[in-house]
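Structural overview
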Amino acid sequence: MTNIVASITLEALNIGDALPYFQRALNHALTKHPPPYSYNNFASNYRQLAKKPAWFAGLLMSDADLEGYSAKQLWAYSDSLADPDFAHEMRRHARDEGRHARMFGGLLFTLFPHLAAEENREKLQAMAPKLVDSKAPERKTTRAVPIEESLNSAILINLHEIKALILEQLLTPTLAAYAEASDRRSVTQIAQRLIQDEVEHIRYTAEYIEKAANSGYQEYIMEAVSDFQRTLNQVTLGDLEQSQSLVLEGL
Ligand SMILES: [Fe+2]
Ligand SMILES: [Fe+2]
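The rules behind these values
- Residue positions are given per chain, counting from 1 as you read along its sequence in written order.
- The lettering of chains begins at A and the numbering of ligands begins at 1, in the order of writing.
- With pLDDT at 70 or above as the cut-off, local features in this predicted model cover only qualifying residues; side-chain atom pairs require 80 or more to be listed or tallied, and sums for whole chains, interfaces and linings still use all residues.
- Strands are runs of DSSP state E lasting at least 2 residues, helices are runs of H or I lasting at least 4, and numbering of each runs from the N terminus.
- When we talk radius of gyration, it's over C-alpha atoms, and the globule rule is simply 2.2 Å times the number of residues to the 0.38.
- Each residue is classified by how many other C-beta atoms fall within 10 Å of its C-beta atom, where C-beta atoms are placed from the backbone; a count of 20 or more means buried, 12 or fewer means exposed, and values in between mean partly exposed.
- Residues are defined as contacting one another if the C-beta atoms placed from their backbone atoms lie within 7 Å.
- As used here, a nonpolar core is made of buried Ala, Val, Leu, Ile, Met, Phe, Trp, Tyr and Cys residues. They are joined through C-beta atoms within 7 Å.
- Think of the arc as the fan of directions from the helix axis to the C-beta atoms.
- Scored from 0 to 100, pLDDT reflects the predictor's confidence in each residue.
- The convention used is that axes are lines fitted to C-alpha atoms, helices contributing only their stretch in contact, and that angles between N-to-C directions extend from 0 to 180 degrees.
- Roughly parallel covers angles under 35 degrees, roughly antiparallel covers those over 145, roughly perpendicular covers 65 to 115, and oblique covers all other angles.
- Each residue gets one of three labels, nonpolar for Ala, Val, Leu, Ile, Met, Phe, Trp, Tyr, Cys and Pro, charged for Asp, Glu, Lys and Arg, and polar for the others, Gly among them.

Glancing now at the overall build of the protein chain. From N to C terminus, the protein chain includes 8 helices and 0 strands. Secondary structure elements in the protein chain, listed N-terminal to C-terminal, are α-α-α-α-α-α-α-α. Its C-alpha atoms give the protein chain a radius of gyration of 19 Å, within 12% of the compact-globule value 18 Å for 251 residues. In terms of principal-axis extent, the alpha carbons of the protein chain reach across some 55 × 50 × 30 Å. Out of the 251 residues in the protein chain, the part that is buried amounts to 34%. Put simply, 83% of the contacts in the protein chain that link residues at least 6 apart link residues at least 24 apart.

The following block contains the structure:
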């Protein structure tokens, strides 16, 4: 049986029978440790909370923050990867997340224009790094990490991106519901772009995982994907409790 989150992910990736080992390891992990966002009550709780404008605005703000933080982390971490293709993909990923931080900021001000004060704009600008790969030809690995470490990172990123995909799919109808009729089309397009990018982030990490599986890491991957999913579930449950009490000041 395929776990619902695994089905959504594989359908979005549209890879058919490709990346077979990744597909098996992912389904095994998600079936063994179903994430909180695979349950129906997660979506209904989310919709309940999202009816509160203060909560929803706070969510968009924290999404911008998280995307910006990930952008900086990925950008820095890419320097320690021995595989130049994986490093290149990770830098592209970092730039995407920097852009996502700005997109979430834009969504926040479109849906809640009264929050677009200079102070909030500056806050959001500080969250969203502009990463320019101007020194690309000279970039070199300063500290090549062992394959197990880069593989762990690929798995962790992959599972986080799957979570991002599911949450952004939930976010889309709420964004549309808050938007003025004149903004609805552009707001929905932004949400679709976010989702497309997350799918690409799942794809390049899945390809790296498959490559490692083909060089002898099959058992390691099967276990690690499962272990990381279990840990991610614990983090998600903690975040859920916190986010329910999140209220943006000034609303
Ligand atoms: Fe993102
Ligand atoms: Fe992403």
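Having seen the structure, we can now continue with the description.
Membership of the largest hydrophobic core comes to 57 residues, with the highest contact counts inside it found for Leu60, Ala64, Leu107, Leu108 and Ile209. For this core, the secondary structure elements donating two or more residues are helix H1 (4-13), helix H2 (20-32), helix H4 (53-77), helix H5 (84-111), helix H6 (118-127), helix H7 (147-178) and helix H8 (181-244).

A few words on unusual backbone geometry. Positive phi values are uncommon outside glycine, yet Asn14 reaches one of about 55 degrees. Secondary-structure assignment places Asn14 in the loop between H1 and H2. A tally of 9 C-beta atoms within 10 Å means that Asn14 is categorised as exposed. Phi at Leu19 takes a positive value of approximately 50 degrees, unusual for a residue other than glycine. Counting through the fold element by element, Leu19 comes out in the loop between H1 and H2. Residue classification places Leu19 among the buried residues on the basis of 20 C-beta atoms within 10 Å.

Counting through the fold element by element, Pro34 comes out in the loop between H2 and helix H3 (40-50). With 16 C-beta atoms packed within 10 Å, Pro34 lands in the partly exposed category.

We now examine H1. Along H1, the positions that sit buried rather than exposed are Val5, Ala6 and Thr9. In an axial view of H1, the angular spread of the buried residues amounts to 100 degrees, which keeps them on one side of the axis. Two residues or fewer after H1 comes Asn14, characterised by a positive phi angle close to 55 degrees.

As a further point, take the confidence of the model for the protein chain. Residue-level pLDDT values for the protein chain average 91, and 92% of them are 70 or greater. Here residues 247-251 is a poorly scored stretch, pLDDT under 50, and it has 11 contacts once near neighbours within four places are set aside; other chains count.

Further remarks concern the packing of H1 against H7. Helix packing geometry: the angle between the two helix axes and the distance between the axes. Between H1 and H7, whose axes approach to 11 Å, the crossing angle comes to 90 degrees. For the element pair H1 / H7, the angle class is roughly perpendicular. Across the interface between the two elements, Val5, Ile8, Thr9 and Ala12 of H1 pack against Ile162, Leu165 and Ile166 of H7. Residues belonging to the contact of H1 with H7 are distributed by class as follows: 6 nonpolar, 1 polar and no charged.

A few words on the environment of Gln48. Relative to the helices and strands, Gln48 is located in helix H3. Judged by the 12 C-beta atoms lying within 10 Å of it, Gln48 is exposed. Between the C-alpha atoms of Gln48 and Ala128, which are 80 residues apart in sequence, the distance is 29 Å.

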